[in-house]
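Examination of the molecular architecture
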Amino acid sequence: MVPRDPDEKVENTFNRHGGTRSSVVQHIQLSNFPTATQEPPRPPTPEPTIAVYTREKSLDKLAKEWQEIQIRLVGAHPLWGNYLWNAARAFATYLDEYQEIYCDRCVLELGAGGALPSILAAKTGARKVVITDYPDDDLVNNMIHNVETNIPASDRDCVSVKGYIWGRSVDPLLEPTPEQSGFDLIILSDLIFNHSQHDALLTTCELALSTSSTSSVLVFYSHHRPHLAHRDMEFFEKARVRGWLCEEILTRKFTPMFPNDSGEESVRSTVHGWRLTRE
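The relation between two aromatic rings is expressed through the spacing of the ring centres and the mutual angle of the planes. Here the structure, examined in full by the defined rule, presents 9 aromatic pairs. For the ring pair Tyr 83 and Trp 85, a centre distance of 5.1 Å and an interplane angle of 55° mean the geometry is tilted. A relative accessible area of 22% places Tyr 83 in the partly exposed class. Put simply, the rings of Phe 91, Tyr 94, Tyr 98 and Phe 220 pair up and form one aromatic cluster. Directly above the ring of Trp 66 sits Arg 55, whose terminal nitrogen or CZ lies 3.9 Å from the centroid.

As structure tokens, this is what we get:
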């Protein structure tokens, strides 16, 4: 159940058997066999599911505020938008605890999936939140649904949902922001297992982050494939070469999402959080 790198290719080999047909079987109707233009019936797409994030912050001043965020997840998707990953839960709690990072500031989430971290930021004081994922109708419409479910209509002007491909022009992302001056916080939640996309992610961050000295990129992740953990960490090696300062700010244990997967469970169940700032 672990996510695959989009560049990993799976080669299917089909064995084709030839031979001559005797006159005894010439009466067989070839139309009874599938042809190149006939496809077997496809299984129905699974229905969307609902995952609930329960607020962990316990302060008296929050007693009358919201306590849960309901995240609808697409039923199935090749880009893994059908899971609420542990990193997203850890991210949401971290943002709730450190609201000064984004309060009255502009926030961008890349590869948002169900968009839990950015929705929490929108509910807790961000000035503008731009939520993005691959420009696929199912993903984009699902993010819009989650915004409409969790954010009152009177507050939705501060949120924009967009399809976006990493590494492309960030002009469409900057349009909703005041003065198009960039984002104070960029959220990357469980994205760096996409090894082939490290450079594209960093390019977008470089183009979209504001020049403020307090601006940062937060990167939360788990090593879903422990044998490829070194490949995950190449993201930070590349970031340092490109002039970013990288520091680990959080380590937190969760119940593993897929207990039967291969690899050491303690590695797969750990969420790491890093902060990237400009030198």
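Locating Lys 238 in the fold gives a position in helix 6 (residues 229-241). Among the residues examined, Lys 238 registers a relative accessible area of 29% and is labelled partly exposed. Linking Lys 238 and His 198, residues 40 residues apart in sequence, is a C-alpha distance of 7.9 Å. If we ignore the near neighbours within four places in the chain, the residues touching Lys 238 are His 198, Asp 199 and Leu 202. Engagement of the side chain of Lys 238 in a polar contact is seen with the side chain of Asp 199, the distance being 3.4 Å.

A few words on the environment of Phe 236. Along the chain, the position of Phe 236 falls in helix 6. Relative accessible area serves as the criterion here: at 0%, Phe 236 is assigned to the buried category. Linking Phe 236 and Glu 247, residues 11 residues apart in sequence, is a C-alpha distance of 9.3 Å. Apart from residues no more than four positions distant in its own chain, Phe 236 is found in contact with Ile 192, Val 219, Tyr 221, Cys 246, Trp 274 and Leu 276.

Take the environment of Gly 167 next. Residue placement: Gly 167 occurs in the loop between strand 5 (159-163) and helix 4 (171-174). Classification of Gly 167 as partly exposed rests on a relative accessible area of 33%. Residues Gly 167 and Thr 204, spaced 37 residues apart in sequence, show a C-alpha to C-alpha distance of 5.1 Å. Residues within four places of Gly 167 in sequence aside, it is in contact with Ala 200, Thr 203 and Thr 204.

What follows is about unusual backbone geometry. Even without being a glycine, Asp 104 presents a positive backbone phi close to 60°. In this structure, Asp 104 sits in the loop between helix 1 (86-97) and strand 3 (106-110). Judged by its relative accessible area of 55%, Asp 104 is exposed. One non-glycine residue, Gln 180, lies in the positive phi region at around 50°. Along the chain, Gln 180 falls in the loop between helix 4 and strand 6 (185-189).

Attention shifts here to the packing of helix 5 (residues 198-208) against helix 6. Packing of helix 5 against helix 6 leaves a shortest axis separation of 10 Å and a crossing angle of 40°. When the axes of helix 5 and helix 6 are compared, the pair comes out oblique. Here helix 5 and helix 6 pass one another in a crossing that is right-handed. Taking contact as the criterion, the partners of His 198, Asp 199, Leu 201 and Leu 202 in helix 5 are, on helix 6, Arg 231, Asp 232, Glu 234, Phe 235, Lys 238 and Ala 239. Here the contact of helix 5 with helix 6 is built from residues that sort into 4 nonpolar, 1 polar and 5 charged.

With respect to the element layout, Thr 270 can be found in strand 9 (residues 270-278). Of the residues examined, Thr 270 reaches a relative accessible area of 4% and is grouped as buried. For Thr 270, the contacting residues outside a window of four places in its chain are Tyr 221, Ser 222, His 223, Thr 251, Arg 252 and Lys 253.

Analysis parameters
- Residues numbered from 1 in each chain as written.
- Predicted model: local features only at pLDDT ≥ 70, side-chain atom pairs only at ≥ 80, totals over all residues.
- Heavy atoms only, no water.
- Phe/Tyr/Trp six-rings, centres within 6.5 Å; stacked < 30°, edge-to-face > 60°.
- Buried < 20%, exposed > 50% of the residue type's maximum accessible area, 1.4 Å probe, protein only.
- Lys NZ or Arg CZ within 6 Å of the ring centre and 35° of its normal.
- Helix = DSSP H or I, 4+ residues; strand = E, 2+ residues; numbered from the N terminus.
- Contact = heavy atoms within 4.5 Å.
- Polar contact = N/O pair within 3.5 Å; in protein donor to acceptor, adjacent residues only side chain to side chain.
- Axes fitted to C-alpha atoms, helices over the stretch in contact; angles between N-to-C directions.
- Parallel < 35°, antiparallel > 145°, perpendicular 65-115°, else oblique.
- Left-handed = near helix turned anticlockwise from the far one by under 90°.
- Nonpolar A, V, L, I, M, F, W, Y, C, P; charged D, E, K, R; others polar.

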